[in-house]
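Residue-level structure breakdown
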Amino acid sequence: MRYLASTIVVLLVILQLAACKGGGVSVDEKEKVEALAGLSRVEYNRGGTIFSVADLEDLKRVNRDSVPWASFMLENDSNGQLGYYFIPGYKMDFSAPQIRLEYMHKGLKGCSEADSVHTWLKSLFINDQRNGKVVSEEPIATLDGQEIKILEIETPVYKVNDSTEYGGKWMAWGYADNGDHLVGFSFTAVNADGYKQGIPEFKNLIRSYKDNQK
């Protein structure tokens, strides 16, 4: 009897651990994805990536060539920008909450998978200088069946010296698989209100992702 009781306890612990570990995304998450299925879509075809996302009413899509600071970002055949999104009500300004879409070849160092890119991002912001902290690393689902981890990091004001100071930031990233490339979604806000307003639509944009490669 004692052996049987011990066996039952062990089995219950195993079942509990499996339940905690889970698998896939929640039913609620799947419903959020399905709600985006009937929306009109925008296709991107650049840098070896072909995919589409929903044309969301609460996001203003802007071509990369119309964003002044986009030209200052270094690009090459393996890594580049695809477009930007802004929240209605904000001017298209560098300090406005904004979403950037980009592509990167998996052959680039540290870009073989999303977790590798997340590790690199953490090294940039979670250190003694920047004092950033991870807010969340929860997964969401996409219309094409992917499960994408959303890395959210918050950084305080960063003072380099007596004359140079960087404001605090609220940031989020997600990376979708697209053949030989990763499609990157990044969201940045310089205040908590802008971040709170934009993060739901950022996640919905990723949820609506579909790999359109043949």
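Residues numbered from 1 in each chain as written. Predicted model: local features only at pLDDT ≥ 70, side-chain atom pairs only at ≥ 80, totals over all residues. Heavy atoms only, no water.

1. Remarks on unusual backbone geometry
Despite not being glycine, Asn-131 shows a phi value in the positive range, around 55 degrees. Relative to the helices and strands, Asn-131 is located in the loop between helix 3 (114–125) and strand 6 (133–136). (Helix = DSSP H or I, 4+ residues; strand = E, 2+ residues; numbered from the N terminus.)

2. Quick notes on the sheet that holds strand 2 (residues 49–54)
Pairing is antiparallel in the open sheet, where three strands are placed in the order 1-2-14. In the strand order of this sheet, the two ends are held by strand 1 (41–46) and strand 14 (210–211), each with one partner. Here two bridges tie strand 2 to strand 14, and the two strands are oriented antiparallel to one another. Its bridge partner lying in strand 14, Ser-52 is registered against Lys-210. (Pairing = 2+ DSSP bridges.)

3. Remarks on the pattern of salt bridges
On inspection of all chains with the given rule, the structure shows 10 salt bridges. Among the salt bridges present, the one from Glu-102 reaches Arg-100, with a minimum N-O distance of 3.6 Å. Looking at Glu-102, the relative accessible area reads 10%, which means it is buried. Residue Lys-122 is joined to Glu-137 by a salt bridge in which the shortest nitrogen-to-oxygen separation is 2.8 Å. (Salt bridge = Lys/Arg side-chain N within 4 Å of Asp/Glu carboxyl O. Buried < 20%, exposed > 50% of the residue type's maximum accessible area, 1.4 Å probe, protein only.)

4. Here's the deal with helix 4 (residues 192–207)
Its 16 residues place the ends of helix 4 23 Å apart at the C-alpha level, agreeing with the 22 Å of an ideal helix rising 1.5 Å per residue. Along helix 4, the sharpest change in direction is near 35 degrees and occurs at Gly-198; proline Pro-200 comes one to four residues later. Taken as a whole, helix 4 has its buried residues at Gly-194, Tyr-195, Gly-198, Ile-199, Glu-201, Phe-202, Asn-204, Leu-205, Ile-206 and Arg-207. The N-cap of helix 4, judged by a side-chain oxygen 3.3 Å from the amide nitrogen of Asp-193 a few residues on, is Asn-191. (Expected span 1.5 Å × (residues − 1). Bend = angle between axes of the 7 residues up to and from the residue. Polar contact = N/O pair within 3.5 Å; in protein donor to acceptor, adjacent residues only side chain to side chain.)

5. Focus on the packing of aromatic side chains
Per the stated rule, a full pass over the model turns up 11 aromatic pairs. Judged by centre distance (6.5 Å) and plane angle (15 degrees), the ring pair of Tyr-84 and Phe-86 falls under stacked. Look at Tyr-84 and you get buried, because its relative accessible area is 1%. Residue classification places Phe-86 among the buried residues on the basis of a relative accessible area of 2%. Plain terms: the ring middles of Phe-187 and Phe-202 are 5.8 Å apart, the flat faces sit at 25 degrees to each other, and that makes the pair stacked. Of the two residues, Phe-187 sits in strand 13 (residues 181–189) while Phe-202 sits in helix 4, which places them 15 residues apart along the sequence. For Phe-202, a relative accessible area of 0% corresponds to the buried category. Put simply, the rings of Tyr-44, Phe-51, Phe-185 and Tyr-209 touch in pairs and so form one group of aromatic residues. (Phe/Tyr/Trp six-rings, centres within 6.5 Å; stacked < 30°, edge-to-face > 60°.)

6. Focus on the nonpolar core
Formed by 29 residues in total, the largest nonpolar core has its most connected members in Leu-101, Phe-185, Phe-202 and Leu-205. A total of five residues in this core trace back to one element, the largest contributor, which is helix 4. Counting 11 residues, the second largest nonpolar core, distinct from the first, contains Met-104, Cys-111, Leu-121 and Ile-153. (Core = buried A, V, L, I, M, F, W, Y, C linked by side-chain atoms within 4.5 Å.)

7. Considerations on the sheet that holds strand 3 (residues 60–62)
Within the open sheet, the seven strands sit side by side as 3-4-5-13-12-9-6. Their pairing is antiparallel. Two strands close off the open sheet at either side, each with one partner strand: strand 3 and strand 6. Here the average twist between neighbouring strands, direction ignored, is 25 degrees. Pairing of strand 6 with strand 9 (residues 151–155), which is carried by three bridges, proceeds in the antiparallel orientation. Bridge assignment links Lys-133 to a residue of strand 9, and that residue is Glu-154. Along the sheet, helix 3 makes contact with strand 5 (98–105), strand 6, strand 9, strand 12 (169–178) and strand 13, crossing strand 12 at roughly 160 degrees. Together, strand 4 (79–86), strand 5, strand 9, strand 12 and strand 13 form the strand contacts of helix 4, whose direction differs from that of strand 13 by roughly 160 degrees. (Axes fitted to C-alpha atoms, helices over the stretch in contact; angles between N-to-C directions. Contact = heavy atoms within 4.5 Å.)

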